[in-house]
Amino acid sequence: KGVVIRQRELTNYISWARCLYEADRGVGAPVNTSFGFDATITSLYLPLISGRRVILLPEDRQIEELAYLLASGLELTLVKLTPAHLEALRGLLGRAASSVRARAFVVGGEALTRHMAEFWHEQCPTLRVFNEYGPTETVVGCCVYLVGSDPDFAGDVPIGRPTPNTRLYLMDDARALVPDR
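Worth saying up front: this structure is predicted, and the values here are computed from it rather than measured.

### A look at the pairing of strand 6 (residues 143–146)
Turning to step 1, where the next piece is worked out: Two strands pair when backbone bridges link them, and strand 5 (residues 128–133) and strand 6 are joined in this way by four bridges, in the antiparallel orientation. Within strand 6, the residue paired with Phe-130 across the bridge is Leu-146.
Turning to step 2, where the next piece is worked out: Where strand 6 meets strand 7 (residues 161–162), two bridges bridge the pair, whose relative direction is antiparallel. In the sheet register, Val-144 faces strand 7, and the bridge partner there is Arg-161.

### Examining helix 2 (residues 40–49)
Turning to step 1, where the next piece is worked out: Those residues of helix 2 that fall on the buried side of the exposure criterion are Thr-40, Thr-42, Ser-43, Leu-44, Leu-46 and Pro-47.
Turning to step 2, where the next piece is worked out: Positive backbone phi, at 75 degrees, marks Gly-51, one or two positions downstream of helix 2.

### Side note on the packing of aromatic side chains
Turning to step 1, where the next piece is worked out: Counting across every chain of the model gives five aromatic pairs.
Turning to step 2, where the next piece is worked out: The interplanar angle of 85 degrees and the centroid separation of 5.5 Å between the aromatic rings of Tyr-13 and Trp-16 together place this pair among those described as edge-to-face. Here the residue Tyr-13 and the residue Trp-16 both occupy positions in helix 1 (residues 7–20), the gap between them amounting to three residues, near one helical turn.
Turning to step 3, where the next piece is worked out: Residue classification places Tyr-13 among the buried residues on the basis of a relative accessible area of 1%.
Turning to step 4, where the next piece is worked out: According to the relative accessible area criterion, Trp-16 is buried, its value standing at 9%.
Turning to step 5, where the next piece is worked out: Pairing Phe-119 with Trp-120 gives two aromatic rings, centres 5.1 Å apart and planes at 90 degrees, and the pair type is edge-to-face. Taken as a pair, Phe-119 and Trp-120 share a single burial class, namely buried.
Turning to step 6, where the next piece is worked out: Through a chain of ring-to-ring contacts, three or more aromatic side chains come together here, namely Tyr-13, Trp-16, Tyr-21 and Phe-130.
Turning to step 7, where the next piece is worked out: A cation over an aromatic ring shows up here: Arg-90 above the ring of Phe-119, its NZ or CZ 4.3 Å from the ring centre.

### What about helix 3 (residues 62–71)?
Turning to step 1, where the next piece is worked out: All of the buried residues along helix 3 are Gln-62, Leu-66, Ala-67, Leu-69 and Leu-70. For helix 3, the buried positions fall inside an angular range of 165 degrees around the axis, keeping them on one side.
Turning to step 2, where the next piece is worked out: Where helix 3 is buried, its residues touch strand 1 (28–31), strand 2 (53–56), strand 3 (79–81), helix 4 (83–93) and strand 4 (104–107).
Turning to step 3, where the next piece is worked out: One or two steps after helix 3, the chain reaches Gly-73, where phi turns positive at roughly 85 degrees.

### Brief notes about unusual backbone geometry
Turning to step 1, where the next piece is worked out: Phi is positive for Glu-22, which is not a glycine, with a value near 50 degrees.
Turning to step 2, where the next piece is worked out: Mapping Glu-22 onto the fold places it in the loop between helix 1 and strand 1.
Turning to step 3, where the next piece is worked out: In this structure, Asn-165 takes a positive phi of about 65 degrees despite not being glycine.
Turning to step 4, where the next piece is worked out: Along the chain, the position of Asn-165 falls in the segment after strand 7.
Turning to step 5, where the next piece is worked out: Overall, the relative accessible area of 73% leaves Asn-165 in the exposed class.

What counts, and where the lines are drawn
Residues numbered from 1 in each chain as written. Predicted model: local features only at pLDDT ≥ 70, side-chain atom pairs only at ≥ 80, totals over all residues. Heavy atoms only, no water. Pairing = 2+ DSSP bridges. Helix = DSSP H or I, 4+ residues; strand = E, 2+ residues; numbered from the N terminus. Buried < 20%, exposed > 50% of the residue type's maximum accessible area, 1.4 Å probe, protein only. Phe/Tyr/Trp six-rings, centres within 6.5 Å; stacked < 30°, edge-to-face > 60°. Lys NZ or Arg CZ within 6 Å of the ring centre and 35° of its normal. Arc of directions from axis to C-beta. Contact = heavy atoms within 4.5 Å.

Here it is as structure tokens:
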């Protein structure tokens, strides 16, 4: 689908993401998704505005090349992934997952399970895993949750709190606002 995004919305997303994901640290980020996928915004723009490298992976072998890159021990700034990517990488890397030196995994696109997040925390204790949620219309993400910041949940990882300059409205089936707890 085509979605019109205004520059100020993109600027807002990139500004907070640059700080939260510490985009000025590490060597850069791989682009392991199609340029038509909104998640590519994170992988492409954050390293560029932070003076870091963008590592373009071949589209026909992206997940295999990403596994190879992660196993290389290179300190990547961040890697933008879906939970399906995490599962595939788990299978491809196996025990080599403990050699991953990425600073952050930014996960979105579908529900992230606690089980999957725990695997990566066990293998890579210094890796920060963020669950980022938002439809394309919100420029990739409108809320974020740092996995591990609240261990009192089961099942899917929470989608988190609104990003700066963003408001979320939760409504019930009757379209009435749900009270904040």
